[in-house]
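# Working through the structure, step by step
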Amino acid sequence: MNRLMIAASAAALLAASSLAALADEVTGAITSIDVAAGTVMLNDGNTYLLPAEVDAAALQVGARVKIIYDKNADGTMTATEVEPAA
């Protein structure tokens, strides 16, 4: 019985930690760019903080992009990848 409880607890912990590491993905058109803040807003109305390796000045309003992002505890969204949408 103890082994079953330990195994079940380990499986639950592994599942919970795996879910937290999953990133979200969104595809949309850029509606505004704030180069100074390093953010873009998409047509979904959300603002995404760009990673340092993405040059916000190189992006264009109207461009369709796919953003992979992490949602932070404070509700902000930090992009981990930005690429042209297919």
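Residues numbered from 1 in each chain as written. Predicted model: local features only at pLDDT ≥ 70, side-chain atom pairs only at ≥ 80, totals over all residues. Heavy atoms only, no water.

### What to know about the overall build of the protein
Secondary structure summary: the protein contains one helix and five strands in total. Element order for the protein, N to C, with α for helix and β for strand: α-β-β-β-β-β. Across the 86 residues in the protein, those meeting the buried criterion constitute 22%. For the protein, contacts bridging at least 24 residues in sequence account for 42% of all contacts bridging at least 6. (Helix = DSSP H or I, 4+ residues; strand = E, 2+ residues; numbered from the N terminus. Buried < 20%, exposed > 50% of the residue type's maximum accessible area, 1.4 Å probe, protein only. Contact = heavy atoms within 4.5 Å.)

### A closer look at the sheet that holds strand β4 (residues 64–71)
Taken in spatial order, the five strands line up as β1-β2-β3-β5-β4 and close into a barrel, and their pairing is mixed. Each adjacent strand pair in this sheet contributes to an overall mean axis angle of 55°, direction not counted. Where strand β3 (residues 47–49) meets strand β5 (residues 77–84), two bridges bridge the pair, whose relative direction is parallel. Note on β5: the bridge partner recorded for Tyr48 is Met77. (Pairing = 2+ DSSP bridges. Axes fitted to C-alpha atoms, helices over the stretch in contact; angles between N-to-C directions.)

### Section: the nonpolar core
Counting 13 residues, the largest nonpolar core has Val26, Ile30, Val40, Leu42, Tyr48, Ile67 and Tyr69 as its most contacted members. Listed by contribution, the elements that provide at least two residues to this core are β1 (24–34), β2 (39–42), β4 and β5. At three residues, the largest contribution of residues to this core is made by β4. (Core = buried A, V, L, I, M, F, W, Y, C linked by side-chain atoms within 4.5 Å.)

### Overview of the pairing of β2
Where β1 meets β2, four bridges bridge the pair, whose relative direction is antiparallel. Residue Ile30 lies in a different strand from β2, and its bridge partner there is Leu42. Here β1 hands over to β2 after four residues, with Gly38 in that stretch at a positive phi of 70°. In this sheet, β3 lies alongside β2 in antiparallel orientation, the contact comprising three bridges. Paired with Val40 across the strands is Tyr48, a residue of β3. Remark: four residues form the turn of the hairpin made by β2 and β3, two consecutive strands paired antiparallel; Gly45 in that turn has positive phi of roughly 90°.

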